[in-house]
Amino acid sequence: MTLDETLLRVPLFAHLSEPEIHRISQITRKKTYPKNSVIVFENDPGDALYVVDSGQVKVVLTGEDGREVILSVLGQGDFFGEMALIDDMPRSANVIAMENSRLIVLYRDDFHRCLEAQPRIALGLLRALSRRLRSADDKIGGLVLLDVPGRIARLLLQLADEGDGSKISRKITHHTIAQMVGSSRETVSRTIGNLTERGLISVTRKHIAIADRAGLEAAAGIR
Ligand code: CMP
């Protein structure tokens, strides 16, 4: 696929005309990162914005004892690295490749020029930042108001809602779920087993399906 075709499918650049997309493709380039490599280091100065072309990355905070909290998992079409370019502060988190990933890189000066020349990109950016803030609000609410099984139930619903709501299509390990809800892998495995026994979800080798949405919502404190 050409870079133009790839960029056309990125939500951040939705609403741009083909010539506008072409101008962006001329100032970006593709870069590949192997699984587990760090793409962005927390506290570094930021010099670029990245769009995920293929693969999956996690946005992570690391404690002094090495424990990780995953703030978000990003996949095809998502972007990251915009914050340091917008507020001129250091990188707010680490971003690490969870699988071999191909990224589209847009450097700082080009990013600012793009924003000035194509204000519709700024609208796409605001929309995405607003969505990100909603999801961070949800997370803060969950941490204070829900116990760990409730947080897991809510996360499973959110992941399913990235698609048609019936199943979680992306690959996700119990360890990753634990780092997303601030728990341990053992507790996640026990909770998933319990939700399965209660008939709220069903687990196959390929994916986790939502078997009883109303029941899972009740477990997530939504009803
Ligand atoms: P920046 O601070 O430049 O580098 C780290 C990036 O991680 C940041 O920009 C955002 O793009 C991304 N990021 C930080 N916090 C979150 C979050 N809560 N959800 C999704 N992405 C985030």
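No experiment lies behind these values; they were computed from the predicted model shown.

A. Up close: helix H6 (residues 148–161). Taking 1.5 Å as the rise per residue, H6 with 14 residues should run 20 Å; its terminal C-alpha atoms sit 20 Å apart, in good agreement. Burial analysis of H6 places eleven of its 14 residues in the buried class, the great majority of the element. Among all positions in H6, only Val148, Gly150, Arg151, Ile152, Ala153, Arg154, Leu155, Leu156, Leu157, Leu159 and Ala160 are buried. Residue Asp147 occupies the N-cap position of H6, its side-chain oxygen lying 3.0 Å from the main-chain nitrogen of Gly150.

B. Quick peek at the environment of Ile86. Summarising the element assignment, Ile86 is placed in helix H3 (residues 82–87). Sequence separation between Ile86 and Arg108 is 22 residues, and the spatial gap between their C-alpha atoms is 9.3 Å. For Ile86, the residues in contact, after removing those within four places along its chain, are Phe111, Leu125 and Leu129.

C. Structural detail: the side chain of Asn94. Relative to the helices and strands, Asn94 is located in strand S7 (residues 94–97). Residue Asn94 is classed as buried on the basis of its relative accessible area, which comes to 11%. A distance of 2.9 Å separates the side chain of Asn94 from the backbone nitrogen of Glu42, its partner in a polar contact. A distance of 3.3 Å separates polar atoms of two side chains, one belonging to Asn94 and the other to Thr62. Sequence-distant contacts of Asn94, that is, excluding residues within four places in its chain, are made with Val40, Phe41, Glu42, Lys58, Val59, Val60 and Thr62.

D. Molecular detail of the packing of H6 against helix H7 (residues 174–181). Two numbers describe how H6 lies on H7: the axes approach to 10 Å, and their chain directions differ by 110°. Here H6 is positioned roughly perpendicular relative to H7, judged by the angle of their axes. Handedness of the crossing formed by H6 with H7: right-handed. Together, Arg151, Ile152, Leu155 and Leu156 of H6 and Ile177, Met180 and Val181 of H7 make up the contact between the two elements. Grouping the constituent residues of the contact of H6 with H7 by class yields six nonpolar, no polar and one charged.

E. Representation of the packing of helix H5 (residues 119–145) against H6 in the model. Between H5 and H6, the shortest axis-to-axis distance is 10 Å and the interhelical angle comes to 155°. One finds that H5 runs roughly antiparallel with respect to H6. Contact residues: Asp138, Gly142 and Leu143 in H5; Arg151, Arg154 and Gln158 in H6.

F. Quick peek at the pattern of salt bridges. One pass over the full model with this rule turns up twelve salt bridges. Put simply, Glu68 and Lys58 hold a salt bridge, and the shortest N to O gap is 3.3 Å. Taken as a pair, Glu68 in strand S5 (residues 68–74) and Lys58 in strand S4 (residues 57–62) lie far apart in primary sequence, ten residues in all. Overall, the relative accessible area of 14% leaves Lys58 in the buried class. The shortest N-O distance in the salt bridge between Glu217 and Arg213 comes to 3.2 Å. A residue pair is termed a helical-turn pair when its members lie 3 or 4 positions apart in one helix, as Glu217 and Arg213 do in helix H9 (residues 213–219) at four residues. According to the relative accessible area criterion, Glu217 is buried, its value standing at 12%.

Calculation criteria
Residues numbered from 1 in each chain as written. Predicted model: local features only at pLDDT ≥ 70, side-chain atom pairs only at ≥ 80, totals over all residues. Heavy atoms only, no water. Helix = DSSP H or I, 4+ residues; strand = E, 2+ residues; numbered from the N terminus. Expected span 1.5 Å × (residues − 1). Buried < 20%, exposed > 50% of the residue type's maximum accessible area, 1.4 Å probe, protein only. Polar contact = N/O pair within 3.5 Å; in protein donor to acceptor, adjacent residues only side chain to side chain. Contact = heavy atoms within 4.5 Å. Axes fitted to C-alpha atoms, helices over the stretch in contact; angles between N-to-C directions. Parallel < 35°, antiparallel > 145°, perpendicular 65-115°, else oblique. Left-handed = near helix turned anticlockwise from the far one by under 90°. Nonpolar A, V, L, I, M, F, W, Y, C, P; charged D, E, K, R; others polar. Salt bridge = Lys/Arg side-chain N within 4 Å of Asp/Glu carboxyl O.

Read these as spatial facts, not as claims about activity.
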